[in-house]
Amino acid sequence: MHYDVRPGLPSAPAPLHAAPPAARAGSARARVLIVEDEALNRKLFRDLLRAGGYDVICAADGFEGLSAYQRHAPDLVLVDVQLPGIGGAELARTISADPGAPPVLAISAFAGPEDAARLREAGCADCLPKPVAIAEFAQRIGRALEGGRR
Ligand code: MN
């Protein structure tokens, strides 16, 4: 038997998420994780996405968001920038560094050009302004999902 042992080569990093979407049993609906600390916004995004036919998971802060990401392997992550615990940009950076990470969308009340550049640098595929216009929200979620995993 041949063992290919190459101690000099780093092994590929293990993915943070539990299972790739293909391994899921059941629905083919895209799964979206919402990380938002304001209950009313969380409910608004959840309702909009459910109405759009998505499976929705909600988290109320950065730590909960990271743990939900690891458990549910979402197809897209919507991250509020102002979050207690792990902030939105840091969460986006952590998730985006994961092999096969889904697109991460930031949502921010302060999404000026500098914020947007910072969030893209943190790995966000797009940055949505708050408050959201419903049609634009749906459009940009759809576009990010089409972009797919990296
Ligand atoms: Mn917030």
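Our structure's up above, just so we're on the same page.
Conventions used here
Residues numbered from 1 in each chain as written. Predicted model: local features only at pLDDT ≥ 70, side-chain atom pairs only at ≥ 80, totals over all residues. Heavy atoms only, no water. Phe/Tyr/Trp six-rings, centres within 6.5 Å; stacked < 30°, edge-to-face > 60°. Helix = DSSP H or I, 4+ residues; strand = E, 2+ residues; numbered from the N terminus. Donors = N, O, S within 2.8 Å, 3.2 Å for Na, K, Ca; no water. Buried < 20%, exposed > 50% of the residue type's maximum accessible area, 1.4 Å probe, protein only. Arc of directions from axis to C-beta. Contact = heavy atoms within 4.5 Å. Polar contact = N/O pair within 3.5 Å; in protein donor to acceptor, adjacent residues only side chain to side chain. Salt bridge = Lys/Arg side-chain N within 4 Å of Asp/Glu carboxyl O.

## Quick notes on the packing of aromatic side chains
Okay, step 1: This structure, assessed with the given rule, holds one aromatic pair.
Okay, step 2: Pairing Phe45 with Phe137 gives two aromatic rings, centres 5.4 Å apart and planes at 20°, and the pair type is stacked. A residue pair is termed long-range when its members are at least 10 positions apart, and Phe45 in helix H1 (residues 39–51) and Phe137 in helix H5 (residues 134–147) qualify at 92 residues.

## Things to note about the coordination of the manganese ion
Okay, step 1: For the manganese ion, every protein donor is listed as Asp37 (OD), Asp80 (OD) and Gln82 (O), and the spread of their distances is 2.0 to 2.2 Å.
Okay, step 2: Mapped onto the polypeptide sequence, the residues donating to the manganese ion form the spacing pattern D-x42-D-x1-Q. Of this pair, Asp37 sits in the loop between strand S1 (31–35) and H1 while Gln82 is found in the loop between strand S3 (76–80) and helix H3 (88–96), placing the two residues 45 residues apart along the sequence.

## As for helix H2 (residues 62–72)
Okay, step 1: Restricting attention to buried positions, one finds in H2 the residues Gly62, Gly65, Leu66, Ala68 and Tyr69. Angularly, the buried residues of H2 cover 165° about the axis, an arc narrow enough to put them on a single face. Facing away from the buried surface of H2 by more than 90 degrees, the exposed residues are Phe63 and Arg71.
Okay, step 2: In the core, the buried residues of H2 are packed alongside S1, strand S2 (55–59), S3 and H3.
Okay, step 3: The N-terminus of H2 is capped by Asp61, whose side-chain oxygen sits 3.0 Å from the backbone nitrogen of Phe63.
Okay, step 4: Positive phi appears at Ala73, one or two residues downstream of H2, with a value of about 40°.

## Side note on the pattern of salt bridges
Okay, step 1: Scanning the entire structure with this criterion turns up ten salt bridges.
Okay, step 2: The shortest N-O distance in the salt bridge between Asp126 and Arg140 comes to 2.9 Å. In this pair, Asp126 is assigned in strand S5 (residues 126–129) and Arg140 in helix H5, connecting sequence segments 14 residues apart. Each member of the pair, Asp126 together with Arg140, is buried.
Okay, step 3: Arg140 is paired through a salt bridge with Glu136; the nearest N and O atoms lie 2.4 Å apart.

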